[in-house]
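# Topology and contacts: notes
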Amino acid sequence: MLAETLLERIGNTPLLRLQKIGRPFPSVTLLAKAEWFNPGGSVKDRAAAGIVAAAERAGMLRPDRTLLDASSGNTGVAYAMIGAAKGYRVKLCIPANASAEVIKTLKAYGAELVLTSPLESSDGAIREARRLAAKEPHRYYYADQYNNPANWQAHYRTTGPEIWEQTQGEITHLIAGLGTSGTLMGTGRYLKEQKPSVQIAAVQPDSPLHGLEGLKHMTTSIVPGIYDERFPDLNLEVKTEEAYAMVKRLASEEGLLAGISSGAALAAGLVLASKIEAGVIVMIFPDGGSRYLDEEFWKQ
Ligand code: PMP
């Protein structure tokens with residue numbers, strides 16, 4: 001039999017060449033790592049699977065303990081899916097303004113939810129998870145994706161090597177948005193080791209109040225312990241409206257229904273493409289667009 005398990009389908013996502021959007025830059029190749037092809041629908045399947053596997057190996061995650069963490073959405077979905085498939089209880093602290101669809105998805109997988117203040121965004125969820133873990137340490141395995149090295153290591157082991165092989169070593173630039181920073185740190189470290197000239201570009205919102213779901217404005221947030229601000233070669237800021245515009249262009253010009261942080265990566269990619277003479281730019285597209293179809297920008 002050739003059948004496989006659901007969790008074996010995490011990773012090995014396609015690297016898609018943008019056909020039209022990059023036309024103004026004929027010597028630049030724009031490639032999108034389409035992470036919504038993961039079974040949980042986002043890049044965070046990789047980190048969550050890596051965190052769970054590392055905790056199992058260390059004996060910290062057992063059937064009598066509940067996996068606890070804070071998440072802005074996608075990591076929560078990944079934990080809930082993996083927890084259901086492997087038989088672990090999952091409890092998630094999540095800002096109450098998370099999308100209704102994410103909340104329904106988490107419930108469908110059977111996760112327990114603690115909704116935190118929307119005003120405190122993901123930092124409020126982090127503080128609540130820390131409080132719960134400190135109060136009852138034996139009840140929980142606190143996965144702490146922001147400080148857990150298994151997060152970036154999952155990308156070092158999978159996302160990085162996939163991109164290296166898919167570009168046959170021709171990549172010149174990597175663009176990734178910063179949430180926990182796991183994607184950028186792990187993928188970037190692997191690629192730098194293969195080819196030190198690869199430029200690593202980190203994407204952040206241009207202001208603390210933004211609509212780039214999943215991304216952090218680092219100077220005004222709790223900075224993740226796994227993030228090394230000296231690591232990126234380039235730091236690119238994106239306005240929310242620019243990302244929205246790119247999401248619309250991806251759908252109508254490329255047939256790609258991508259999420260908002262994918263739009264942010266593309267906005268950064270086009271700025272970079274206009275500045276370099278030639279190159280192969282790989283942009284991480286963390287999730288798909290179906291979760292965001294009710295957003296106001298689609299009505300404008
Ligand atoms: N985009 C989206 C939609 C996300 O959910 C996340 C994770 N918070 C990211 C980007 C950033 O990924 P990472 O946590 O690996 O930095």
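Predicted model, so just to flag it, every value in this text is computed and none were measured. Positions within a chain are numbered from 1, following the residues in the order the chain's sequence is written. Local features are withheld for residues below a pLDDT of 70 in this predicted model, meaning they are given only at 70 or higher, and side-chain atom pairs are given and counted only at 80 or more; totals for whole chains, interfaces and linings count all residues. Side-chain numbers come from the whole structure's heavy atoms, not from hydrogens or water.

## Things to note about the site of the ligand
- The near set for a molecule or strand comprises every residue that places at least one heavy atom within 4 Å of it. The environment of the ligand is formed by 17 residues, the closest being Lys 44, Gly 179, Thr 180, Thr 183 and Ser 261.
- Counted as a polar contact is a pair of N or O atoms within 3.5 Å, where, for protein atoms, one must be capable of donating a hydrogen and the other of accepting one, and residues adjacent in sequence contribute only when both atoms are in side chains. Separating a nitrogen atom of the ligand from a backbone N or O atom of Gly 214 is a distance of 3.2 Å.
- Per-residue accessibility takes into account occlusion by the displayed protein chains alone, with areas from the Shrake-Rupley method and a 1.4 Å probe. When the ligand is considered free in solution it has 390 Å² of accessible area, and contact with the protein chains removes 97% of it.
- Most atoms of the ligand, that is more than half of them, are within 2 Å of grid points of the largest pocket.
- Of the residues in the shell around the ligand, the class split is 4 nonpolar, 10 polar and 3 charged. The distinction between a cavity and a pocket rests on a 1 Å grid over the protein atoms alone: a 1.4 Å probe fits inside a cavity but cannot get out, while a pocket stays open yet meets protein on both sides within 12 Å along at least five of seven lines, and a residue with an atom within 4 Å of a point counts as lining. For a molecule to be placed in a cavity or pocket, more than half of its atoms must lie within 2 Å of the grid points of that cavity or pocket. Asp, Glu, Lys and Arg are counted as charged, while Ala, Val, Leu, Ile, Met, Phe, Trp, Tyr, Cys and Pro are counted as nonpolar; the rest, among them Gly, fall into the polar class.

## Some thoughts on the packing of aromatic side chains
- Working definition: rings of Phe, Tyr and Trp (its six-membered ring) pair if their centres are within 6.5 Å, and the pair is stacked with planes under 30 degrees apart, edge-to-face with planes over 60 apart, and tilted otherwise. Here the structure, examined in full by the defined rule, presents 5 aromatic pairs.
- Each ring, one from Tyr 244 and one from Phe 297, has its centre 4.1 Å from the other, and the planes form 10°; the classification is stacked. Of this pair, Tyr 244 sits in helix H7 (residues 240-254) while Phe 297 sits in the segment after strand E10 (279-285), and the two are 53 residues apart along the sequence. Accessibility assignment for this pair places Tyr 244 and Phe 297 in one class, buried.
- Put simply, the rings of Trp 152, Tyr 156 and Tyr 190 touch in pairs and so form one group of aromatic residues.
- Geometrically, a charge over a ring is one whose NZ (Lys) or CZ (Arg) sits within 6 Å of the ring centre while staying within 35 degrees of the ring normal. It is Arg 189 that lies over the ring of Trp 152; its NZ or CZ is 4.4 Å from the centre.
- Positioned above the aromatic ring of Phe 231, the side-chain terminus of Arg 189 is 5.9 Å from the ring centre. Note on conventions: DSSP H or I runs of at least 4 residues are helices, E runs of at least 2 residues are strands, and numbering of each starts at the N terminus. When accessible area is computed with a 1.4 Å probe and restricted to protein chains, residues below 20% of their type maximum are described as buried, those above 50% as exposed, and intermediate ones as partly exposed.

## Section: the side chain of Glu 254
- Its location among the elements puts Glu 254 in helix H7.
- Only 2.8 Å separates the side chain of Glu 254 from the backbone nitrogen of Gln 19, close enough to count as a polar contact.

## Some thoughts on unusual backbone geometry
- The phi dihedral of Asn 12 is positive, around 50°, even though this residue is not glycine.
- With respect to the helices and strands, Asn 12 occurs in the segment before strand E1 (15-17).
- Despite not being glycine, Gln 168 has its phi angle at roughly 50°, a positive value.
- With respect to the element layout, Gln 168 can be found in the loop between helix H5 (149-166) and strand E7 (173-177).

## A look at helix H3 (residues 100-108)
- The complete set of buried residues in H3 reads Val 102, Ile 103 and Leu 106. Down the axis of H3, the buried side of the element spans an arc of 100°, and every buried residue falls inside it. Those residues of H3 that are exposed and angled more than 90 degrees off the buried face are Ala 100, Lys 104, Lys 107 and Ala 108.
- Residue contacts follow a heavy-atom distance rule, with two residues in contact if any of their heavy atoms lie within 4.5 Å. For H3, the secondary structure elements touched by its buried residues are helix H2 (74-86), strand E4 (90-95) and strand E5 (112-116).
- Just past H3, the residue Gly 110 takes up positive phi, approximately 90°. In this description, the arc belongs to the directions extending from the helix axis to the C-beta atoms.

## Examining the nonpolar core
- We define a nonpolar core as any set of buried Ala, Val, Leu, Ile, Met, Phe, Trp, Tyr and Cys residues linked to one another through side-chain atoms lying within 4.5 Å. Formed by 33 residues in total, the largest nonpolar core has its most connected members in Leu 18, Ile 175, Leu 250, Leu 266, Ile 281, Met 283 and Phe 285.
- Counting residues per element, the ones that place at least two in this core are strand E2 (28-34), strand E8 (199-205), strand E9 (234-238), H7, helix H8 (260-275) and E10.
- Examining the composition of this core, we find that 9 residues originate from one element, H8, more than from any other.
- Formed by 25 residues, the second largest nonpolar core is a distinct cluster that contains Leu 67, Val 77, Ala 80 and Ile 94.

## Observations regarding the pairing of E4
- Along E4, 6 of the 6 residues are buried, which leaves the element largely enclosed by surrounding structure.
- Of the two faces of E4, the one holding Val 90, Leu 92 and Ile 94 and the one holding Lys 91, Cys 93 and Pro 95 are both buried throughout.
- Examined bridge by bridge, strand E3 (residues 66-70) and E4 share 4 bridges and lie parallel to one another. Within E4, the residue paired with Ala 70 across the bridge is Cys 93.
- We call a crossover right-handed when, viewed with the strands running away from us, the connection from the first strand over the helix to the second turns clockwise. Taking the sense of rotation as the criterion, the β-α-β connection linking E3, H2 and E4 turns out right-handed.
- In this description, strands pair whenever DSSP reports at least two bridges between them. Strand direction decides the pairing type here: E4 and E5, joined by 5 bridges, are parallel. The residue bridging Leu 92 from the neighbouring strand is Leu 113, located in E5.
- Taken together, E4, H3 and E5 constitute a β-α-β crossover, and its handedness is right-handed.

These results come straight from atomic positions and should not be treated as a statement about function.
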